[in-house]
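# Residue-level structure breakdown
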Amino acid sequence: NTVTVDQIGNTNTAALTVNGAGNTISSTTTGNNNTTNIQCNPCASNTITDAVTGNGNSVTHTVDSSGSTSTVTIGSDNNTVNITNNSTASNGAQSNVNISGGGGNNVDILQTDAAGTNGHTVDLAIVGATNTATIHQGGTVDSNVQATITGSGNTLTVHSNTSM
């Protein structure tokens, strides 16, 4: 199944609940102060993407699954991203966040459960100033964080299994 949601304008809300395996969920937000909330439970091998242009938007992905990937791309200021991904699949929870040219954005990623043989993975890219990212990873397998940060005043905090 493929689900596509486009929000254009200000102060819109999109709330999606997706169940099952192999789904592709795509959301595009253009405007200010919009909310996107995507829940996936239970699900497996789903691809969830969000593209945000505008200020003050909120994106939430809550995924209870095996092998699903969440990707959020932001090109503006003062947005909030929350990704929670519980996974026992061999490739663990997969989360990607790309901030290009925005400032004051806040990213919080929580990855829990066993993480399978390959661990959880976060790929974070930030270009801009005063962005904050917090990553919490748990599980019984070593996990991976790849962060590329360009700009001043950005903060990255990573908590491992032992500090959760």
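In short, a report on the structure. Small disclaimer: the values here were computed from a predicted structure and weren't measured.

### Quick look at the overall build of the chain
Helix and strand content of the chain: zero helices and 14 strands. Overall, the chain shows an N-to-C arrangement of helices and strands of β-β-β-β-β-β-β-β-β-β-β-β-β-β. In terms of its C-alpha atoms, the chain occupies a principal-axis envelope of roughly 40 × 40 × 20 Å. By the burial criterion, 42% of the 164 residues in the chain qualify as buried. Taking as baseline every contact in the chain between residues at least 6 positions apart, the subset at least 24 positions apart corresponds to 42%.

### Some points on the nonpolar core
Counting residues in each nonpolar core, the largest one holds 15 residues, and the members touching the most others are V81, V97, V107, I109 and L124. Elements that contribute at least two residues to this core include exactly β7 (69–74), β8 (80–86), β9 (94–100), β10 (106–112), β11 (121–127) and β12 (132–137). The contacts of V97, once residues within four sequence positions are left out, are V72, I83, V107, I109, D123, L124 and A125. In this structure, A14, V18, C40 and I48 belong to the second largest nonpolar core, which totals ten residues.

### Considering the sheet that holds β10
Whenever strands of a sheet pair, they do so through backbone hydrogen bonds, lying parallel or antiparallel. With parallel pairing, seven strands are arranged side by side in an open sheet as β2-β4-β6-β8-β10-β12-β14. In the strand order of this sheet, the two ends are held by β2 (13–21) and β14 (155–159), each with one partner. Ignoring strand direction, the axes of neighbouring strands in this sheet form an average angle of 5 degrees. Here strand β6 (residues 58–66) runs beside β8; their pairing, made up of seven bridges, is parallel. What sits directly across from V63, in β8, is N85.

### Details of the sheet that holds strand β13 (residues 144–150)
Pairing in this open sheet of seven strands is parallel, and the strands run β1-β3-β5-β7-β9-β11-β13 from one edge to the other. Pairing within the sheet leaves two strands with one partner each, and these edge strands are β1 (2–8) and β13. Each strand of the sheet is rotated relative to its neighbour by a mean of 5 degrees, with strand direction disregarded. The pairing of β9 with β11 spans seven bridges and is parallel. Residue pairing in the sheet places Q94 in a bridge with T121 of β11.

### As for a nonpolar patch on the surface
Taken together, V145, I149, L156 and V158 make up a surface patch of nonpolar side chains, about 270 Å² in accessible area. Those elements that provide at least two residues to the nonpolar patch are β13 and β14. Note that I149 resides in strand β13. By relative accessible area, I149 is classed as partly exposed at 34%.

### Notes on the environment of V52
Topologically, V52 is positioned in strand β5 (residues 47–53). Between the alpha carbons of V52 and G31 there is a distance of 8.2 Å; along the sequence they are 21 residues apart. When sequence neighbours within four positions are dropped, the list of residues in contact with V52 reads T29, N57, V59, T73, I74, G75, S76 and N79.

### Re unusual backbone geometry
At N33, a residue that is not glycine, the phi angle is positive and equals roughly 60 degrees. Looking at the element boundaries, N33 is found in the loop between β3 (24–30) and β4 (35–44). Of the residues examined, N33 reaches a relative accessible area of 47% and is grouped as partly exposed. A positive phi is found at T130, a non-glycine position, where the angle reads about 55 degrees. Tracing the chain through its elements places T130 in the loop between β11 and β12.

Definitions and limits used
Residues numbered from 1 in each chain as written. Predicted model: local features only at pLDDT ≥ 70, side-chain atom pairs only at ≥ 80, totals over all residues. Heavy atoms only, no water. Helix = DSSP H or I, 4+ residues; strand = E, 2+ residues; numbered from the N terminus. Buried < 20%, exposed > 50% of the residue type's maximum accessible area, 1.4 Å probe, protein only. Contact = heavy atoms within 4.5 Å. Core = buried A, V, L, I, M, F, W, Y, C linked by side-chain atoms within 4.5 Å. Pairing = 2+ DSSP bridges. Axes fitted to C-alpha atoms, helices over the stretch in contact; angles between N-to-C directions. Patch = residues over 30% accessible without salt bridge, like charges linked within 9 Å, V, L, I, M, F, W, Y side chains within 5 Å. Areas by Shrake-Rupley, 256 points an atom, 1.4 Å probe, with all protein chains shown as cover. Salt bridge = Lys/Arg side-chain N within 4 Å of Asp/Glu carboxyl O.

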